[in-house]
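Examining the three-dimensional arrangement
Spelled out, the chains give:
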Amino acid sequence: MATRGALIVALHVSSVHAYEGRPADGPRPDPAPVSRDHVEVRAGLGLVGDRYFNHPAHRSAAVTLFSASVPGDPLLARRNIVLSGFDVDALARGSVVTLDSGDGPVRFEVHRPANPCAWMDVVYLAGLSLPCGAAAGSGACRWTTASYALVR
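Reading the values: rules and limits
- Residues numbered from 1 in each chain as written.
- Predicted model: local features only at pLDDT ≥ 70, side-chain atom pairs only at ≥ 80, totals over all residues.
- Heavy atoms only, no water.
- Helix = DSSP H or I, 4+ residues; strand = E, 2+ residues; numbered from the N terminus.
- Contact = heavy atoms within 4.5 Å.
- Areas by Shrake-Rupley, 256 points an atom, 1.4 Å probe, with all protein chains shown as cover.
- Pairing = 2+ DSSP bridges.
- Buried < 20%, exposed > 50% of the residue type's maximum accessible area, 1.4 Å probe, protein only.
- Core = buried A, V, L, I, M, F, W, Y, C linked by side-chain atoms within 4.5 Å.

**Considerations on the overall build of the chain**
When helices and strands are tallied, the chain shows one helix and 10 strands. Across the chain, helices and strands are ordered from the amino to the carboxyl terminus as β-β-β-β-β-β-β-β-α-β-β. When contacts within the chain are restricted to residue pairs at least 6 apart in sequence, those whose partners lie at least 24 apart make up 65%. Per element, the accessible surface of the chain, about 7100 Å² overall, is 53% carbon and sulfur.

Below, the structure is given as C-alpha coordinates:
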(Lines give C-alpha, C1' and ligand atoms only; values in the text may rest on other atoms or scores of the structure.)
Protein backbone atom coordinates (compact mmCIF):
# COMPACT_ATOMS: atom_id res chain seq x y z
CA MET A 1 0.00 0.00 0.00
CA ALA A 2 1.43 3.35 -0.99
CA THR A 3 0.90 6.22 1.42
CA ARG A 4 -0.51 8.63 -1.16
CA GLY A 5 -1.48 11.89 0.44
CA ALA A 6 0.53 11.18 3.58
CA LEU A 7 2.85 13.89 4.79
CA ILE A 8 5.90 13.22 6.94
CA VAL A 9 5.52 15.74 9.78
CA ALA A 10 8.49 14.78 11.94
CA LEU A 11 11.38 12.33 12.20
CA HIS A 12 12.91 11.25 15.50
CA VAL A 13 15.99 9.13 16.25
CA SER A 14 17.40 8.72 19.74
CA SER A 15 20.39 6.62 20.72
CA VAL A 16 19.15 6.23 24.32
CA HIS A 17 15.95 5.36 26.15
CA ALA A 18 14.83 8.59 27.82
CA TYR A 19 11.73 6.97 29.33
CA GLU A 20 13.25 4.34 31.61
CA GLY A 21 12.71 3.71 35.27
CA ARG A 22 9.99 5.45 37.26
CA PRO A 23 8.09 8.23 35.51
CA ALA A 24 8.07 10.23 38.75
CA ASP A 25 11.88 10.53 38.45
CA GLY A 26 11.56 12.22 35.04
CA PRO A 27 13.10 11.30 31.70
CA ARG A 28 16.81 10.92 31.05
CA PRO A 29 18.31 13.68 28.91
CA ASP A 30 19.17 12.91 25.31
CA PRO A 31 22.89 13.14 24.54
CA ALA A 32 22.11 14.82 21.21
CA PRO A 33 19.10 16.41 19.49
CA VAL A 34 16.57 13.76 18.48
CA SER A 35 14.64 15.60 15.77
CA ARG A 36 16.01 14.83 12.30
CA ASP A 37 15.57 16.19 8.79
CA HIS A 38 16.20 12.69 7.42
CA VAL A 39 16.66 9.13 8.68
CA GLU A 40 18.50 6.21 7.12
CA VAL A 41 16.42 3.04 7.00
CA ARG A 42 18.14 -0.37 6.81
CA ALA A 43 16.16 -3.47 5.87
CA GLY A 44 15.56 -5.75 8.84
CA LEU A 45 17.57 -3.50 11.19
CA GLY A 46 15.65 -0.24 11.70
CA LEU A 47 16.82 3.37 11.70
CA VAL A 48 20.55 4.04 11.81
CA GLY A 49 21.47 5.66 15.14
CA ASP A 50 18.23 4.75 16.91
CA ARG A 51 18.19 2.89 20.23
CA TYR A 52 16.41 -0.09 18.62
CA PHE A 53 18.69 -0.34 15.57
CA ASN A 54 20.00 -3.89 15.03
CA HIS A 55 18.80 -5.17 18.41
CA PRO A 56 17.66 -8.78 17.92
CA ALA A 57 14.72 -8.39 20.31
CA HIS A 58 13.43 -5.38 18.36
CA ARG A 59 14.12 -6.27 14.72
CA SER A 60 10.47 -7.08 14.11
CA ALA A 61 9.39 -3.78 15.64
CA ALA A 62 12.32 -1.38 15.31
CA VAL A 63 10.41 1.59 13.88
CA THR A 64 7.21 3.24 15.12
CA LEU A 65 4.97 5.21 12.81
CA PHE A 66 2.77 7.68 14.69
CA SER A 67 -0.30 9.60 13.60
CA ALA A 68 -0.07 13.38 13.74
CA SER A 69 -3.82 13.38 14.44
CA VAL A 70 -3.16 12.36 18.06
CA PRO A 71 -3.39 15.53 20.21
CA GLY A 72 -0.19 17.04 21.61
CA ASP A 73 3.44 17.24 20.51
CA PRO A 74 4.24 14.00 18.66
CA LEU A 75 7.96 14.25 19.42
CA LEU A 76 7.22 13.86 23.12
CA ALA A 77 5.85 10.40 22.32
CA ARG A 78 9.35 9.62 20.94
CA ARG A 79 8.00 7.81 17.90
CA ASN A 80 10.22 7.65 14.83
CA ILE A 81 8.08 8.76 11.90
CA VAL A 82 5.09 11.05 12.40
CA LEU A 83 2.59 11.04 9.53
CA SER A 84 -0.30 13.31 8.69
CA GLY A 85 -3.06 12.19 6.33
CA PHE A 86 -2.50 8.48 6.90
CA ASP A 87 -4.58 6.17 9.12
CA VAL A 88 -1.93 4.22 11.02
CA ASP A 89 -4.59 2.27 12.94
CA ALA A 90 -6.36 0.98 9.81
CA LEU A 91 -3.60 -1.45 8.86
CA ALA A 92 -3.65 -5.15 9.66
CA ARG A 93 -0.61 -7.02 10.95
CA GLY A 94 1.53 -8.04 8.00
CA SER A 95 0.41 -5.12 5.82
CA VAL A 96 3.22 -3.55 3.82
CA VAL A 97 3.33 0.23 3.45
CA THR A 98 5.60 2.19 1.13
CA LEU A 99 6.82 5.69 1.93
CA ASP A 100 8.68 7.76 -0.65
CA SER A 101 9.88 11.17 0.42
CA GLY A 102 11.85 11.76 -2.77
CA ASP A 103 14.91 9.53 -2.27
CA GLY A 104 13.21 6.33 -3.37
CA PRO A 105 10.59 4.08 -1.82
CA VAL A 106 11.07 2.43 1.55
CA ARG A 107 8.84 -0.44 2.65
CA PHE A 108 7.64 -1.10 6.18
CA GLU A 109 5.69 -4.13 7.38
CA VAL A 110 3.19 -3.73 10.22
CA HIS A 111 4.22 -5.87 13.16
CA ARG A 112 2.02 -4.83 16.11
CA PRO A 113 0.44 -1.85 17.85
CA ALA A 114 2.78 0.11 20.11
CA ASN A 115 2.08 -0.76 23.74
CA PRO A 116 0.77 1.73 26.29
CA CYS A 117 3.19 3.19 28.80
CA ALA A 118 2.82 5.15 32.06
CA TRP A 119 5.40 7.67 30.84
CA MET A 120 2.91 9.22 28.45
CA ASP A 121 0.75 10.50 31.32
CA VAL A 122 3.83 12.23 32.75
CA VAL A 123 5.43 13.78 29.66
CA TYR A 124 2.64 13.92 27.09
CA LEU A 125 -0.99 14.59 27.94
CA ALA A 126 -2.21 13.28 31.28
CA GLY A 127 -5.23 11.03 30.95
CA LEU A 128 -4.82 10.45 27.22
CA SER A 129 -3.51 6.91 27.90
CA LEU A 130 -1.09 7.24 25.05
CA PRO A 131 1.68 4.88 24.61
CA CYS A 132 5.31 4.75 24.53
CA GLY A 133 4.01 4.64 21.04
CA ALA A 134 0.27 4.49 21.43
CA ALA A 135 -2.15 1.69 22.00
CA ALA A 136 -4.15 -0.01 19.31
CA GLY A 137 -6.62 2.52 18.01
CA SER A 138 -4.68 5.53 19.25
CA GLY A 139 -2.32 6.19 16.40
CA ALA A 140 0.89 4.15 16.49
CA CYS A 141 2.20 0.83 15.24
CA ARG A 142 5.57 -0.91 15.46
CA TRP A 143 7.07 -1.81 12.09
CA THR A 144 9.70 -3.99 10.51
CA THR A 145 11.87 -2.30 7.88
CA ALA A 146 11.71 -4.15 4.60
CA SER A 147 14.00 -2.09 2.41
CA TYR A 148 16.86 0.42 2.45
CA ALA A 149 16.34 4.12 1.76
CA LEU A 150 16.43 7.63 3.16
CA VAL A 151 13.28 9.20 4.52
CA ARG A 152 13.06 12.99 4.63
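Following the structure, the description resumes.
**Here's the deal with the pairing of strand 6 (residues 81-84)**
Inspection of the sheet shows strand 1 (residues 7-12) paired to strand 6 by four bridges, in the antiparallel sense. Its bridge partner lying in strand 6, Ala 10 is registered against Val 82. Inspection of the sheet shows strand 5 (residues 63-67) paired to strand 6 by three bridges, in the parallel sense. Bridging across to strand 6, Leu 65 finds its partner in Ile 81.

**Quick word on the pairing of strand 8 (residues 106-113)**
Consecutive side chains of a regular strand alternate in pointing toward one face of the sheet and then the other. The pairing of strand 7 (residues 96-99) with strand 8 spans four bridges and is antiparallel. Along strand 8, the bridge assignment pairs Val 96 with Glu 109. Counted between consecutive antiparallel strands, the loop separating strand 7 from strand 8 contains six residues, among which Gly 102 sits at a positive phi close to 115 degrees.

**Describing the environment of Arg 36**
Within the element layout of this structure, Arg 36 appears in strand 2 (residues 35-36). With relative accessibility at 33%, the residue Arg 36 sits in the partly exposed group. For Arg 36 and Val 13, which are 23 residues apart along the polypeptide, the C-alpha to C-alpha distance reads 6.9 Å. Excluding anything up to four places from it in sequence, Arg 36 contacts Leu 11 and Val 13.

**Comments concerning the nonpolar core**
Counting 20 residues, the largest nonpolar core has Val 39, Val 41, Val 63, Ile 81 and Phe 108 as its most contacted members. When residues of this core are traced back to their parent elements, those giving at least two are strand 3 (39-42), strand 5, strand 6, strand 7 and strand 8. Judged by nonpolar contacts, the second largest core, of five residues, contains Phe 66, Val 70, Ala 77 and Val 82.

The analysis is restricted to geometry; functional conclusions fall outside its scope.
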